[in-house]
Amino acid sequence: QVQLVESGGGLVQAGGSLRLSCVASGGTFSSYDMGWFRQGPGKEREFVATINWYSMRTYYADSVKDRFSISRDNAKNTVYLQMNSLKPEDTAVYYCAARGRSSVIVTAHRQYDYWGQGTQVTVSS
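Here goes a summary of the coordinates provided. Sequence order as written defines the numbering, with residues in each chain counted from 1. Only residues with pLDDT of at least 70 get local features here, since the model is predicted, and only at 80 or more are side-chain atom pairs given and counted; chain-wide, interface and lining totals rely on the full set of residues. The side-chain values count all of the structure's non-hydrogen atoms but skip hydrogen atoms and water molecules.

What to know about the overall build of the chain
Then, in step 1: Note on conventions: DSSP H or I runs of at least 4 residues are helices, E runs of at least 2 residues are strands, and numbering of each starts at the N terminus. When you go through the chain residue by residue, the secondary structure sums to zero helices and eleven strands.
Then, in step 2: If you list the helices and strands of the chain from N to C, you get β-β-β-β-β-β-β-β-β-β-β.
Then, in step 3: In summary, the chain has a C-alpha radius of gyration of 13 Å against a globular reference of 14 Å for 125 residues, a match within 12%.
Then, in step 4: Oriented by its inertia axes, the alpha-carbon framework of the chain measures out at about 40 × 25 × 25 Å.
Then, in step 5: Looking at the chain residue by residue over its 125 residues, the buried ones come to 44%.
Then, in step 6: Put simply, of all contacts in the chain between residues at least 6 apart along the chain, 60% involve residues at least 24 apart.
Then, in step 7: In the chain, which carries 13 positive and 10 negative side-chain charges, the distance between the mean positions of the two groups comes to 3 Å. The globule rule used for comparison is 2.2 Å times the number of residues to the exponent 0.38, while the radius of gyration itself is calculated over C-alpha atoms. Classification of residues uses two cut-offs on accessible area relative to the type maximum, computed with a 1.4 Å probe and protein chains only: under 20% is buried, over 50% is exposed, and between them is partly exposed. By definition in these notes, contact holds between two residues if any of their heavy atoms fall within 4.5 Å. Charged-residue counts in this description rest on Lys and Arg as positive and Asp and Glu as negative, His and the chain ends being excluded. Taken as the charge location is NZ of Lys, CZ of Arg, CG of Asp or CD of Glu.

As structure tokens, this is what we get:
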């Protein structure tokens, strides 16, 4: 059983940056593909970014491409989401998630097995 704990959220002005972190415990971190998702007020949970277990493949939602960057440090059991040029529409609770290694890119939240509790990101205009 993998436990995930996110941190790094907060309040930032539009155009600013934040870096989210997600620390995993209770499993072999390098065995998992990792993803970031978000859920805004009154919205469904949506895919943001994913990185495979050996960091050779990343994939982003169109809405964040060229602004956000996902990375991981398997030695620290941590996945990161660097968010630049933030916009008010990026306001949401951000969740990290884990699933077993896959040869395909997975963006559907229902296909992720483990979830953190979320961290709030608020972008003011």
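Quick word on the nonpolar core
Then, in step 1: Side-chain atoms within 4.5 Å are what join buried Ala, Val, Leu, Ile, Met, Phe, Trp, Tyr and Cys residues into a set we call a nonpolar core. One finds L4, W36, V79, L81, M83 and Y94 to be the most contacted residues of the largest nonpolar core, which totals 35 residues.
Then, in step 2: Among the secondary structure elements, those contributing two or more residues to this core are β3 (18–25), β4 (32–39), β5 (46–51), β7 (68–73), β8 (78–83), β9 (92–100) and β11 (119–124).
Then, in step 3: Per-element accounting of this core gives the leading share, five residues, to β9.
Then, in step 4: Residue contacts for L4: discarding those within four places in its chain leaves C22, V23, A24, M34, C96, A97, A98, Y114, W115, G116 and Q117.

A few points about the environment of L81
Then, in step 1: With respect to the helices, strands and loops of the structure, L81 is situated in strand β8.
Then, in step 2: Sequence spacing of L81 and Y114 is 33 residues, and the spatial spacing of their C-alpha atoms is 17 Å.
Then, in step 3: Look past the residues within four positions of L81 in its chain and what remains in contact with it is L18, R19, L20, W36, V48, A49, F68, S69, I70 and Y94.

A closer look at the environment of N74
Then, in step 1: By the secondary structure assignment, N74 is in the loop between β7 and β8.
Then, in step 2: As for N74 and F29, which are separated by 45 residues in sequence, their C-alpha atoms are 6.4 Å apart.
Then, in step 3: The residues contacting N74, other than those within four sequence positions of it, are F29, S30 and W53.
Then, in step 4: Pairs of N or O atoms are called polar contacts if they sit within 3.5 Å, as long as, within protein, a hydrogen donor faces a hydrogen acceptor (for residues adjacent in sequence, only side-chain-to-side-chain pairs). A polar contact of 2.8 Å, which involves the side chain of N74, links it to the side chain of R72.

Quick notes on the side chain of R38
Then, in step 1: Its location among the elements puts R38 in strand β4.
Then, in step 2: A polar atom in the side chain of R38 sits 2.6 Å from the side chain of E46.
Then, in step 3: A polar atom in the side chain of R38 sits 2.9 Å from the side chain of D90.
Then, in step 4: Discounting chain neighbours no more than four positions away, the residues touching R38 are E44, R45, E46, V48, S63, V64, F68, E89, D90, A92, V93 and Y94.

On their own, these measurements won't tell you what the molecule is for.
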